Amino acid sequence: MPIADTVGLAALNWVASAVITRLINKGISYLGSDIAKGLGDLETTLVPQFQLVIQAAQNSPHKAALAKWLTRLKGAYLDAENILHEVEYEHLKHKAIGGDRKMGPGISARSIIIPFSKFTSKLEKKVSLLPPQKRELLRRLNKLKEIAAEAKTFSDLLGIQTRNENNTNSSNGPSMTSSLLKNKVFGRDEEREYIIKFLLDDQEESSLTRGYSVCAITAMGGAGKTTLAQYVYNDERIKIHFGLRMWISLSHNLDIMEHTKEIIECVSRKECPNLRNLSVLQNKLIDALPESEEVFLVLDDVWYDTKIGEEQWDNLLAPFATFQGRCKILFTSRLENFPGALLPVIHIQLRDLADDHFLLLFRSFAFLGLENIDTQLKNHLGDIGDRITKKLTKSPLAAKVVGNQLRKQPHIRFWKATLENVNLKNLMDVLLWSYQRLDVQLQQCFLFCSLFPKGEAHTANHLAKYWIALDFVQTTDDNRNVEDISFEYFQMMVAHSIFQPVNQIYIMHDLFHDLAENLSSEDCIRLINAEREIPSTIRHVYLKVNNENLKENLSRICNLSNLHTLILNIEYSMDDASEIFSIISTNFKYLRVLKLHVRGYNVLPRTIGDMRNLRYLNIRRSSIKELPNSVTQLYHMQFLFLPASVKTLPTKLSNLIKLRDIKIYDSNHVALNSLPPVPYLSKLTSLQRLYEFHVRKEEGYELRQLGSLGELSGTLKIVNLENVRHMDEAAQARLNGKARLKKLKLVWSKPAENGSELEVIEALQPPPNLEALEIKGYIGSTYPSWLLKGSFIENINSLVLNNCNALTTLPQNLNRSRHCLDLGLENLGSLRELPTLPESLATLRIIRCPCLILICENGVQLNENYTMVDERSWISSIMKLNEISEKSTNYIKDVLDYEFKSFEQTISVENCFSEQLKIAENNVGVNALELWEYILRAWWQCHQQKMHYTFSHSTGKGTLELPSMLRILTLGYCCLSDGALSECLRGMATLEELYLLGIMMITTLPPAQVLESLQHLRVLEIQDCWCLRSLGGLRSLPNLLKFQVQGSWCLEMESDYTQLPPTLQFFSVANCILPPAILNGDLPCLQNVEIENCLVPASLSLGQLFSLKSLKLVNCPDLCHIWGLQSRPSMDSLHLVRLPQLSVESVMESWQGSRELYLSSSVMLNELLSSENFVPPQTLGMVFCQEEAITFGNSYHFRSIKKLILLKCKTKNLPTTLSDFSNLEIIEIRDCTEISGLPELPDSVQEILIRGCPVLRERCQPNGPEWHKIRCIQSWKIR
């Protein structure tokens, strides 16, 4: 039967199911079983007949009549559901305000009293005493039953006999296989290799007149175009070759603005501002594209409408046409005609899979998980499967869909029925058949997904919240909540190929989207600035409009009395949204989901409290400061998403007793970890997420508030545990029963007054399946007993101990942990030994453990290395660096402060040193030159005594034995000798990142024979290793990409910087004294160099750094000349900040500029602008400028600047010539505390950010004196 004849019944199938039973049962719970006694037989007598009737009517002349009956049944169901929710609202209100006393099912004080003489029965008397809402509920439920009873008529008409056997045409609930097929691709290796060869060919594009080259994959729907594109996109060769990869799923109605924003977000990895000018967006994309990297763009599902013409495609790809780097574009399409902008160099017309490959594909899905079934049965099923594949017309999508359905029922009868009764030759019929076999709740979830545009990215988490709020997901299993089931539903859709994974998000397959749109046309509608007829039955609306036609579009949907979902996407910002909320609250009485995607408005009207049925409210893109108290009357509310501008929450928010999730999002739309405090959280028994809980002693904030929150999942951080009075209070938190928790953080901010830490932590036993535990600020000297239990320690995969200063060792059973991947030991002042570490460890951090002494067996002999460093030279070096900047001074102070404190923990200081230490410690904050020298000498002498003590008392047994699979190692501020470092690193082939922080004992890095074994080491960072003199065998590291060093004063005496590894791509040095030959080595791959707060020679040579793309020089007071810029005429970024002696002539000799330029002097800027060779940057930054007024000379160069940044400047006035920046689009002003006003800005500005500028911030508020200068700017952020 053609799909068009079946769609009507399929779309209504969900209502003729157990959803009616659930509605009836819930109604009975509010009415009382005696009053609703006549409704109870619906579940046993009528509902079982529904599916039998629908199946029998599919091929009968009564199908049209059945469709009308189902439509009436659906209407009666929705009417009854609406009234049920009104009744439930009153119940929730009573429970939230009046406590937990159970509300009587029938009689209430609001009952209407009628004289007894008018009652004809005891039942009528009870009904008459019901409140009006409950009487209306009873009436509508009876109406629903009356219509449902007509199923008996159809049953008789179709000759159906009542049967009790299971219905084989629908599943009884989510059925998940233990493993899903991992994107295995069959029969496309030849096409993949052909495409990859083209993409990796750098010579091909030299003949092109445009800035990119194109490859096309075309075929009919469901043929595997997207699968092949993903096969290419995820190939390791492509990942390595292309520094930037982007995947964009296109809409059929090409939206250039939205897709340009999507591409910008792929490049920048952050949200694109809501700009309404295409030219500005294109320029923003051009600026964002990295010319130093190869770019690969996939455009999935291209539709070329010749009526629209070529211009839109030209505009979409215009930024790539002018792109100076290399760019390859791969696109998929069902069509064979393309716009000129996408004319391909190669065109893959996807052929059918070979018979053997197609059969392998089908079997990989049909027999997944059936490896252990009876051999004879498997052979028989294989024969039937072979016959099925011959009818599937070589469609990979059909093979996946049918195979998945067959796998769930490995029975000969079912496989034969599929072969004989399903139209396997028509792909859309196959998809419809697959839909009909989904669980009824899953069908509703599937249909709802048609609401979103084709190609929109989805995650299981965000779809689940919609489904739950709309009551599509139900559970009767106490061990599984609706979030679990929603996730399973989504996984089933992925398994059925409804959703396809793309870059950690999911896209709905376009053919399934077409099917969902057809089936849901009476329930869901998507309006995007277009006129179309709106059926009165619509319940879910996605509306995308601009400000001009907002009211008109809202008025068109005001007659939708049963509207449940409104996703309102307003393209531009608006100051006042009160009228929108007034229209919504007035017209949509039964609205459950409201997502208002609009920026700007800062007041949430009190009328929000009138939306009594609201379950989901998302206003995170607004600028509201607070929630009105009326929000606490939304007793149905389950999901609440707010902007970071909300600093306080209503004190009665806990009245929202059905709340499952509340999140606050920052400007980048990332959920914050903490919420403003809310008392009496114990009422929110359905809450799923509470990242941080602060314990207080006042009522409503006690730790016991967590006791009833049994569904908490993810991460829970409990802070201020010192406010827990005793063990009983801690036990009331019931952490052990929160089985869904994955990560727990227990934090004491200070010692408890009553010394109750041990008994409190003993009572805070986590659930046995916890994955990660962090304990911070615990001052007990023993571990809680639960941590020492084998079952707990064996299953943990992350353990962090921080600031637990009384612990002297780690749990002795730690090596029994089979799954521990991460171990963090931080600020453990008494830790003296380590047990054998778990072999499973991938990450290890040992930081600020001063009593942990790690010296190899020949450590005593190494003592001589420490006497070879000259005290006078060492102190002289630090004194010079101290004079450079306040930043260097503060940095040295911080290190000294910790060092002085650690001396007291690790050594017994002699009397003279003790007094000296005391004087120094008390004067660390003083900056007098003489005192600085005294302090440093005191440190040096204490350090020498510590070395003598350490080596003389060492037994040579404190070695660090690293697990063989370790990937990331951080060692900081502990006693580690040169030999011990070499020994622990020897043979660590898996190590990828190494961080050495504040290790004052080491004088050299390990030799070449040790470092050359670190085959996978990519990152090496050294910080505050004050006695480090030699980089040892650094150059022998075979694959080092990033090297950073800070605060290694002694390296002045060597030229080891010339021994940097040739593979190095990023080199950063700070707070050091550099040799002349710092960058003269063979460094062909070096792309980024950063030198900050350093003493450098007067001349700096860039040598042979031909790959250099970014150079950052900050606060190097002696630097006068930079040689070698002529060999790299154009760079991505150049910072010349606080270089008072730098000669501009040396910079400009042959250099032509960079895309980004950062300076600290407008004088230098104007000198650069006067040069004939100077090419102005697209981004200009003024950083640490000390000039009272920045002055820009009149120059045509300003016309090229698109972004202006001012950071930490002492400037009071911005240049009045800013209006000359005729192409300026973005202005950022950060931490410029003296700026009080803005000049006139050019009309081209589309985005402005003001942060950390208190005077300017106040003046730029609405109605402030500077407001008129920025109010017309499309995107502005003021903080």
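If you're wondering where the values come from, they're calculated on a predicted model, not measured in any experiment.

About the thresholds
- Residues numbered from 1 in each chain as written.
- Predicted model: local features only at pLDDT ≥ 70, side-chain atom pairs only at ≥ 80, totals over all residues.
- Heavy atoms only, no water.
- Buried < 20%, exposed > 50% of the residue type's maximum accessible area, 1.4 Å probe, protein only.
- Helix = DSSP H or I, 4+ residues; strand = E, 2+ residues; numbered from the N terminus.
- Core = buried A, V, L, I, M, F, W, Y, C linked by side-chain atoms within 4.5 Å.
- Contact = heavy atoms within 4.5 Å.
- Phe/Tyr/Trp six-rings, centres within 6.5 Å; stacked < 30°, edge-to-face > 60°.
- Lys NZ or Arg CZ within 6 Å of the ring centre and 35° of its normal.
- Pairing = 2+ DSSP bridges.
- Axes fitted to C-alpha atoms, helices over the stretch in contact; angles between N-to-C directions.
- Salt bridge = Lys/Arg side-chain N within 4 Å of Asp/Glu carboxyl O.
- Parallel < 35°, antiparallel > 145°, perpendicular 65-115°, else oblique.
- Left-handed = near helix turned anticlockwise from the far one by under 90°.
- Nonpolar A, V, L, I, M, F, W, Y, C, P; charged D, E, K, R; others polar.
- pLDDT = per-residue confidence, 0-100.
- Patch = residues over 30% accessible without salt bridge, like charges linked within 9 Å, V, L, I, M, F, W, Y side chains within 5 Å.
- Areas by Shrake-Rupley, 256 points an atom, 1.4 Å probe, with all protein chains shown as cover.
- Lys, Arg positive; Asp, Glu negative; His and termini not counted.
- Charge placed at Lys NZ, Arg CZ, Asp CG, Glu CD.
- Disulfide = S-S within 2.5 Å.

Undergrad: Can you help me understand helix α20 (residues 460-469) in this one?
TA: Helical periodicity: at 3.6 residues per turn, an α-helix aligns residues three or four positions apart in one direction. Burial analysis of α20 places eight of its ten residues in the buried class, the great majority of the element. Considered for burial, the residues of α20 that qualify are Ala460, Leu463, Ala464, Lys465, Tyr466, Trp467, Ile468 and Ala469. One or two positions beyond α20, positive phi appears at Asp471, with a value near 65°.

Undergrad: I'm lost on unusual backbone geometry in this one. Help?
TA: Leave glycine aside and you will find that most residues have negative phi; peptide bonds, for their part, are mostly trans. The phi torsion at Asp301 lies on the positive side, around 70°, for a residue other than glycine. Position of Asp301 relative to the elements: it lies in strand β3 (residues 295-302).

Undergrad: Sorry if this is basic, but what is going on with the nonpolar core here?
TA: Soluble globular proteins: nonpolar side chains tend toward being buried together. Counting residues in each nonpolar core, the largest one holds 201 residues, and the members touching the most others are Leu703, Phe1043 and Ile1091. With residues up to four places along the chain from it excluded, the contact list for Leu703 reads Phe693, Val695, Ile718, Leu721, Val724, Glu729, Ala730, Ala733 and Leu764. Membership of the second largest hydrophobic core comes to 111 residues, among which are Ala10, Ala148, Phe362 and Ile485.

Undergrad: Help me understand the packing of aromatic side chains in this model?
TA: Aromatic rings considered in pairs are described by the distance between their centres and by the relative angle of their planes. Overall, the coordinates contain 22 aromatic pairs when judged by the stated rule. Between Phe448 and Phe452 the ring centres are 5.8 Å apart and the planes differ by 80°, which places this aromatic pair in the edge-to-face class. No difference in accessibility class separates Phe448 from Phe452, as the two residues are buried. Among the aromatic residues, those joined into a cluster by ring pairs are Phe448, Phe452, Tyr466, Phe472, Tyr542, Tyr616, Phe639, Phe641 and Tyr665. Over the aromatic face of Tyr233 sits the side chain of Arg245, whose NZ or CZ is 4.4 Å from the ring centroid.

Undergrad: Would you take a moment to explain the sheet that holds strand β5 (residues 346-349) for this structure?
TA: Across the sheet, which stays open at both edges, the five strands sit in the order β2-β3-β4-β1-β5 with parallel pairing between neighbours. Both edges of this open sheet fall to β2 (244-249) and β5, since each of them pairs with a single strand only. Each strand axis lies, on average, 15° off the axis of its neighbour in the sheet, ignoring direction.

Undergrad: Explanation requested: the pattern of salt bridges in the structure shown.
TA: A side chain with one charge can pair with a side chain of the opposite charge if their charged atoms come near. Tallying each qualifying case throughout the model produces 49 salt bridges. Taking the shortest distance from any N to any O, the salt bridge between Arg986 and Glu983 comes out at 3.4 Å. One network of salt bridges, with partners in common, ties together Arg192, Glu193, Asp235 and Arg237.

Undergrad: So what exactly am I meant to see when it comes to the packing of helix α2 (residues 18-31) against helix α6 (residues 132-148) here?
TA: Describing two packed helices takes the angle between their axes plus the distance from one axis to the other. Where α2 meets α6, the axes come as close as 11 Å, and the angle between the chain directions of the two elements is 150°. Relative to α6, α2 is oriented roughly antiparallel. Crossing hand, α2 versus α6: left-handed. Residues Ile20, Leu23, Ile24, Gly27, Tyr30 and Leu31 of α2 pack against Lys134, Leu137, Leu138, Leu141 and Leu144 of α6. Residue classes in the contact of α2 with α6 are distributed as nine nonpolar, one polar and one charged.

Undergrad: What is the right way to read the confidence of the model for the protein from this model?
TA: Detailed reading of predicted coordinates is not advised where the pLDDT is low. On average, residues of the protein carry a pLDDT of 82, and 84% of them reach 70 or more. This stretch, residues 163-181, has a pLDDT under 50; its non-local contacts, to residues over four places away or in other chains, come to 33 contacts. Considering only residues more than four positions removed or in separate chains, one finds that residues 859-864, a stretch of pLDDT under 50, has five contacts.

Undergrad: It is not clear to me how the sheet that holds strand β8 (residues 505-508) should be interpreted in this structure. Could you clarify?
TA: Strand pairing in a sheet takes place through backbone hydrogen bonds and is either antiparallel or parallel in direction. Pairing is antiparallel across the open sheet formed by three strands, whose spatial order is β6-β8-β7. Strand pairing shows two members of the sheet lacking a second neighbour, β6 (457-458) and β7 (499-502), which therefore form its edges. Sheet topology places β7 next to β8; four bridges connect them, and they run antiparallel. Paired with Gln500 across the bridge in β8 is Ile507.

Undergrad: How should I be thinking about a positive patch on the surface in this particular structure?
TA: Together, Lys270, Lys647, Arg1251, Lys1277 and Arg1279 make up a region of like positive charge exposed at the surface. Along the chain, Lys1277 falls in strand β40 (residues 1275-1278). In this structure Lys1277 comes out as partly exposed when scored by relative accessible area, which is 32%.

Undergrad: Where do I start with the packing of α2 against helix α4 (residues 63-98) in this structure?
TA: Viewed as axis vectors pointing N to C, α2 and α4 meet at an angle of 35°, and their least axial separation amounts to 10 Å. Classified by chirality, the crossing of α4 by α2 is left-handed. Between α2, through Val19, Ile20, Leu23, Lys26, Gly27 and Tyr30, and α4, the contact on the second element is made entirely by Leu73, Tyr77, Ala80, Glu81, Leu84, Val87, Glu88 and His91. Its residues assigned to classes, the contact of α2 with α4 shows nine nonpolar, two polar and three charged.

Undergrad: Please explain the state of the cysteines as it appears in this structure.
TA: One covalent bond between the sulfur atoms of two cysteine residues makes up a disulfide. Tallying each qualifying case throughout the model produces zero disulfides. Of all cysteine sulfurs, the one in Cys1094 lies closest to Cys1072, which takes part in no disulfide; the gap is 5.4 Å.

Undergrad: How do you make sense of the environment of Lys776 when you look at a structure like this?
TA: Mapped onto the fold, Lys776 is located in strand β19 (residues 772-776). Here Lys776 falls in the partly exposed class, since its relative accessible area comes to 33%. Taking the C-alpha atoms as reference points, Lys776 and Trp748, 28 residues apart in sequence, are found 6.2 Å from one another. Here Lys776 is in contact with Leu746, Val747, Trp748 and Asn802, once residues within four sequence places are set aside.

Undergrad: For this particular structure, what's the right way to read the environment of Leu1168?
TA: By the element assignment, Leu1168 lies in helix α36 (residues 1162-1169). Taking relative accessible area as the criterion, Leu1168 reaches 1% and is therefore assigned buried. Through-space distance from the C-alpha of Leu1168 to that of Glu1145 is 8.8 Å; in sequence the pair is 23 residues apart. Ignoring sequence-local partners within four residues, the contact set of Leu1168 consists of Val1144, Met1148, Leu1157, Leu1159 and Phe1174.

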